[in-house]
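Below, each chain spelled out in residue letters.
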Amino acid sequence: MFFSKKYKCLLLSGGVASNFYLRKSLKNYSYIFNVRFCTQPIKYCTDNGAMISFLGCFYFNKNVFDKNFSIIVKPNIGFNS
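If you're wondering where the values come from, they're calculated on a predicted model, not measured in any experiment.

### Some details on the nonpolar core
One finds Leu-10, Leu-12, Ala-17, Leu-26, Val-35, Phe-37 and Cys-45 forming the largest nonpolar core, which totals 7 residues. When neighbours within four sequence positions are excluded, Phe-37 is seen to be in contact with Leu-10, Leu-12, Arg-23, Leu-26, Lys-27 and Ser-30.

Okay, here's the thing in structure tokens:
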């Protein structure tokens, strides 16, 4: 099983944490294996798809793409670049 004596907490976060079945199942497993289950309220379980889409539009408008429409990697580019 994926639980071990060295782990004391099971954390579920991000967009997947809004899945009721997954939350319930992991909570049950945490009880069975005597580890604490931690997750945030569902209203904070958001997906970052909107952020990625926004950033793609931002880069497109700044011409941060080459002729083949692939991304030119600039890891330290800021929003003000």
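Picking up where we left off.
### Some thoughts on helix α1 (residues 20–32)
A rise of 1.5 Å per residue sets the reference length of α1, with its 13 residues, at 18 Å; its end C-alpha atoms lie 18 Å apart and thus fit the reference within 8%. Those residues of α1 not exposed but buried are Arg-23, Ser-25, Leu-26 and Ser-30. In this fold, the buried residues of α1 make contact with β1 (9–12) and β2 (36–39). One side-chain oxygen at the N-terminal end of α1 lies 3.0 Å from the backbone nitrogen of Tyr-21; it belongs to Asn-19.

### Observations regarding the pairing of β1
Judged by which residues are buried, β1 turns out to be one-sided: Leu-10 and Leu-12 face inward and are buried, whereas Cys-9 and Leu-11, on the alternate face, are not. Here β1 pairs with β2 via 4 bridges, running parallel. The residue bridging Leu-10 from the neighbouring strand is Phe-37, located in β2. Crossover handedness for the path β1 to α1 to β2: right-handed.

### A word on the environment of Gln-40
Inspection of the secondary structure puts Gln-40 in the loop between β2 and α2 (49–61). Along the chain, Gln-40 and Ser-18 lie 22 residues apart, while their C-alpha atoms are 9.1 Å from each other. When near neighbours in sequence (up to four residues on either side) are disregarded, Gln-40 contacts Leu-12, Ser-13, Gly-14, Arg-23 and Cys-45. Here Thr-39 takes part through its side chain, which lies 3.5 Å from a polar atom of the side chain of Gln-40.

### Section: unusual backbone geometry
The backbone of Asn-34 shows a phi angle near 55°, a positive value even though the residue is not glycine. Considering the arrangement of structural elements, one finds Asn-34 in the loop between α1 and β2. Residue classification places Asn-34 among the exposed positions, given a relative accessible area of 70%.

### A word on a nonpolar patch on the surface
Together, Tyr-29, Tyr-31, Ile-32 and Phe-33 line one region of the surface with nonpolar side chains, adding up to about 480 Å² of accessible area. Here Tyr-29 lies in helix α1. The exposure class assigned to Tyr-29 is partly exposed, which follows from its relative accessible area of 34%.

### Points about α2
A rise of 1.5 Å per residue sets the reference length of α2, with its 13 residues, at 18 Å; its end C-alpha atoms lie 18 Å apart and thus fit the reference within 8%. Phi turns positive, to about 60°, at Asn-63, one or two residues after α2.

Calculation rules
Residues numbered from 1 in each chain as written. Predicted model: local features only at pLDDT ≥ 70, side-chain atom pairs only at ≥ 80, totals over all residues. Heavy atoms only, no water. Core = buried A, V, L, I, M, F, W, Y, C linked by side-chain atoms within 4.5 Å. Buried < 20%, exposed > 50% of the residue type's maximum accessible area, 1.4 Å probe, protein only. Contact = heavy atoms within 4.5 Å. Helix = DSSP H or I, 4+ residues; strand = E, 2+ residues; numbered from the N terminus. Expected span 1.5 Å × (residues − 1). Polar contact = N/O pair within 3.5 Å; in protein donor to acceptor, adjacent residues only side chain to side chain. Pairing = 2+ DSSP bridges. Right-handed = clockwise from strand over helix to strand, strands pointing away. Patch = residues over 30% accessible without salt bridge, like charges linked within 9 Å, V, L, I, M, F, W, Y side chains within 5 Å. Areas by Shrake-Rupley, 256 points an atom, 1.4 Å probe, with all protein chains shown as cover. Salt bridge = Lys/Arg side-chain N within 4 Å of Asp/Glu carboxyl O.

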